[in-house]
Every structure is written in C-alpha cells, then in structure tokens.
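# Observations on the model geometry
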Amino acid sequence: YVKSHPKYGNTVIVQEWSLDMDVDSGGLAIFIANNPEIRGIGEVKANKLIEKFKSYDELVNRLKENPDGAAEYISVPVETINKLVEVLEKSEVETQIKCWLSQFQLTNNQIQKLYDRYGADIKAKLESNPYMIIGEIDSYGFTRVDQIAFKMGIPRVHEGRIQAGILYCLKQET
C-alpha cells in the first residue's frame, strides 16, 4: 500500500515479498545431496526425488503431504524427510538462492559465505557481474569464475570479464 511520508512523499509500504525464481532441478539435487543439515540423502537419492517431483514447490508439497511415502521411496527414515522439509522451508528465498548457486558446483561453505556476505542480492549481483566473486571464495580465481560466467550466459566481452582478465594476466606476470 502507499503511505504519505512527511519527508519522502508517497511511499510504497511492502508487507511481504517473494523472489520469483525457478529453481534449477540440478541445483536443487546438489543442494539436497551436499547440505550438511540433511543426513542420509546423497546424490542418487536426491536425484530420485527430483525426477519424481519435478519442481521445488511440488517437492515440498508432496514431502509434507506424505513424508512416510517419500521416506519409503528413497529408503530413508521419515525423520530425514521431515528434516529435509524443515531445511527447504526454513527460508524459501534463501533455499532457492542456494539451490541456484549449487548448480555452479560451489560447496555449501562457499555458498554460505556468499549468502552471508550478500544475502538475497547475490543472484542479482552475480547476474550483473560474476567476476565480483574473484577473491571472495578461496581458490576461485579468474579461470574458475569464467567457467561459472560462461554457464550463466555472460558474454565474453562483458566489462567485468575484461577487467578481471587484465588483472589475472598482470598477476601471472609478477
């Protein structure tokens, strides 16, 4: 709704917002398989869940509706399914962003470091200039970040790439 503010005039007051983002199924599977909070679901079981429940929303809804059936389907205790739901629902925006980041083969520690530093803005920042994370994550230099940028569809003539490439070449010479 709009509220009149004495200094700023009409101001939009946001009571609730959500991130409209499709979660990549591969990223979701990697997130589930590698999340330290979710024990007992590795890559094979995570992929099996993702193949059965095609989207993030369907996965969460089905797991909540029938945790016993899901537990039986992937041969884990029902407590593991309940923990999975808890992790996925803890913060939907955070989970979706972490799933998105997982598709770039970042570890959970690397993802958490980026999320702690940039919060929900990390996706927009990376889409704008993925080269900004050079030096933010241990062992992620120009070459590794360039691979991520390529997966994201960032053009080879991107200004951030050119700047990062020049710095990379200069560091190689010293």
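Everything that follows concerns the structure shown earlier in this document.
Residues numbered from 1 in each chain as written. Predicted model: local features only at pLDDT ≥ 70, side-chain atom pairs only at ≥ 80, totals over all residues. Heavy atoms only, no water.

### Points about the overall build of the protein
Helix and strand content of the protein: 10 helices and two strands. Secondary structure elements of the protein, listed N to C terminal, follow the sequence β-β-α-α-α-α-α-α-α-α-α-α. Compactness check: the protein gives a C-alpha radius of gyration of 20 Å against a globular reference of 16 Å for 174 residues, more than 25% above the reference. C-alpha extents for the protein along the principal axes are approximately 55 × 55 × 25 Å. Residue pairs in contact within the protein that sit at least 24 positions apart in sequence constitute 52% of those at least 6 positions apart. As displayed, the protein offers around 10,700 Å² of accessible surface, 49% of which is attributable to carbon and sulfur atoms. If the 21 positive side-chain charges of the protein are averaged to one point and the 25 negative ones to another, these points end up 4 Å apart. (Helix = DSSP H or I, 4+ residues; strand = E, 2+ residues; numbered from the N terminus. Rg over C-alpha atoms; globule rule 2.2 N^0.38 Å. Contact = heavy atoms within 4.5 Å. Areas by Shrake-Rupley, 256 points an atom, 1.4 Å probe, with all protein chains shown as cover. Lys, Arg positive; Asp, Glu negative; His and termini not counted. Charge placed at Lys NZ, Arg CZ, Asp CG, Glu CD.)

### Things to note about the side chain of Asn 108
Here Asn 108 shows up in helix 7 (residues 108–118). Overall, the relative accessible area of 19% leaves Asn 108 in the buried class. Those residues in contact with Asn 108 that lie beyond four places of it in its chain are Phe 31, Asn 34, Asn 35 and Pro 36. (Buried < 20%, exposed > 50% of the residue type's maximum accessible area, 1.4 Å probe, protein only.)

### Side note on the environment of Lys 48
Among the secondary structure elements, Lys 48 is positioned in helix 2 (residues 43–52). Overall, the relative accessible area of 34% leaves Lys 48 in the partly exposed class. Residues Lys 48 and Tyr 73, 25 residues apart in the sequence, show an inter-C-alpha distance of 8.7 Å. Of the polar contacts made by the side chain of Lys 48, one reaches the backbone oxygen of Tyr 73; its length is 3.0 Å. (Polar contact = N/O pair within 3.5 Å; in protein donor to acceptor, adjacent residues only side chain to side chain.)

### Focus on unusual backbone geometry
Although it is not a glycine, Ser 75 adopts a positive phi angle of roughly 60°. Mapped onto the secondary structure, Ser 75 falls in the loop between helix 4 (67–74) and helix 5 (78–90). Residue classification places Ser 75 among the exposed residues on the basis of a relative accessible area of 58%.

### Considerations on the side chain of Asp 146
Checked against the element boundaries, Asp 146 lands in helix 9 (residues 142–152). Looking at Asp 146, the relative accessible area reads 11%, which means it is buried. At 2.5 Å, the side chain of Asp 146 forms a polar contact with the side chain of Tyr 131.

### Describing the nonpolar core
Leu 28, Ile 32, Ile 41, Leu 59, Leu 63, Leu 84 and Leu 88 are the most contacted members of the largest nonpolar core, which totals 24 residues. Per-element accounting of this core gives the leading share, five residues, to helix 5. In terms of nonpolar packing, the next biggest core, distinct from the first, is built from 23 residues, Leu 106, Tyr 118, Val 145 and Ile 154 among them. (Core = buried A, V, L, I, M, F, W, Y, C linked by side-chain atoms within 4.5 Å.)

Just geometry here; none of it tells us what the structure is for.
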